[in-house]
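Observations on chain architecture
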Amino acid sequence: MRPDTLRLLNLLQLLSEIAIAVGYLLGLIPFVYLWSYTWVIPLVFVNLVFAILTHNGTTTKTVINIIMAFLSFIPVAGYVFRIVGIVISWLNIAALAKERR
């Protein structure tokens, strides 16, 4: 793959990871997670495609983030999974930002 294509895919993955983290943060507000997961669930799968295409080392964390997105629907225990999802998204954001430098 061409370097500029990889750079664009990494940027798109970075932006989608930020949107996922915002969705998890909004999900910490009671009942708002039912609205925010209308974009979090699709974005975690899009993020997985980006991670597979770019081979940037975020694939495993992205798969774990998919699991966290679905476990976040558990009413009370979902808060723990949302916080874990935020941490995973932050780790992916840090890895992608470091790669951009």
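Computed from a predicted structure; not experimentally measured.

Topic: a nonpolar patch on the surface
On the surface, a nonpolar cluster with roughly 470 Å² of combined accessible area is contributed by Leu-8, Leu-11, Leu-12, Leu-15, Ile-18 and Val-22. Residue placement: Ile-18 occurs in helix H1 (residues 3-27).

Comments concerning the pattern of salt bridges
This structure, assessed with the given rule, holds 1 salt bridge. Asp-4 is the salt-bridge partner of Arg-2, the closest N and O atoms lying 2.8 Å from each other.

A word on the nonpolar core
The tendency in soluble globular proteins is for nonpolar side chains to be buried side by side. Ranked by size, the top nonpolar core spans 13 residues in total, and within it Ile-20, Tyr-24, Tyr-37, Val-40, Val-44 and Ala-69 carry the most contacts. Of all the secondary structure elements, the ones that give two or more residues to this core are H1, helix H2 (33-54), helix H3 (59-71) and helix H4 (78-100). At 6 residues, H2 tops the list of elements feeding residues into this core. Here Tyr-37 is in contact with Tyr-24, Pro-42, Ala-69, Ser-72, Phe-73 and Arg-82, once residues within four sequence places are set aside.

Here's the deal with the environment of Ile-20
Structurally, Ile-20 can be placed in helix H1. The spatial distance from the C-alpha of Ile-20 to the C-alpha of Asn-65 is 9.4 Å, given a sequence separation of 45 residues.

Considering the packing of aromatic side chains
This model, assessed by the stated rule, comprises 6 aromatic pairs. Summarising the aromatic geometry, the rings of Tyr-33 and Tyr-37 are spaced 6.4 Å apart at their centres and angled 65° between planes, so their arrangement reads as edge-to-face. With Tyr-33 and Tyr-37 both in helix H2, this residue pair falls 4 residues apart, about one helical turn. In this structure, Tyr-33 and Tyr-37 share a single accessibility class: buried. Here Tyr-37 and Phe-73 contribute two aromatic rings whose centre-to-centre distance is 5.4 Å and whose plane-to-plane angle is 55°, an arrangement assigned as tilted. Placement of Tyr-37 in helix H2 and of Phe-73 in the loop between H3 and H4 is noted, with a sequence separation of 36 residues between them. Overall, the relative accessible area of 35% leaves Phe-73 in the partly exposed class. Through a chain of ring-to-ring contacts, three or more aromatic side chains come together here, namely Tyr-24, Tyr-33, Tyr-37 and Phe-73.

The rules behind these values
- Residues numbered from 1 in each chain as written.
- Predicted model: local features only at pLDDT ≥ 70, side-chain atom pairs only at ≥ 80, totals over all residues.
- Heavy atoms only, no water.
- Patch = residues over 30% accessible without salt bridge, like charges linked within 9 Å, V, L, I, M, F, W, Y side chains within 5 Å.
- Areas by Shrake-Rupley, 256 points an atom, 1.4 Å probe, with all protein chains shown as cover.
- Salt bridge = Lys/Arg side-chain N within 4 Å of Asp/Glu carboxyl O.
- Helix = DSSP H or I, 4+ residues; strand = E, 2+ residues; numbered from the N terminus.
- Core = buried A, V, L, I, M, F, W, Y, C linked by side-chain atoms within 4.5 Å.
- Buried < 20%, exposed > 50% of the residue type's maximum accessible area, 1.4 Å probe, protein only.
- Contact = heavy atoms within 4.5 Å.
- Phe/Tyr/Trp six-rings, centres within 6.5 Å; stacked < 30°, edge-to-face > 60°.

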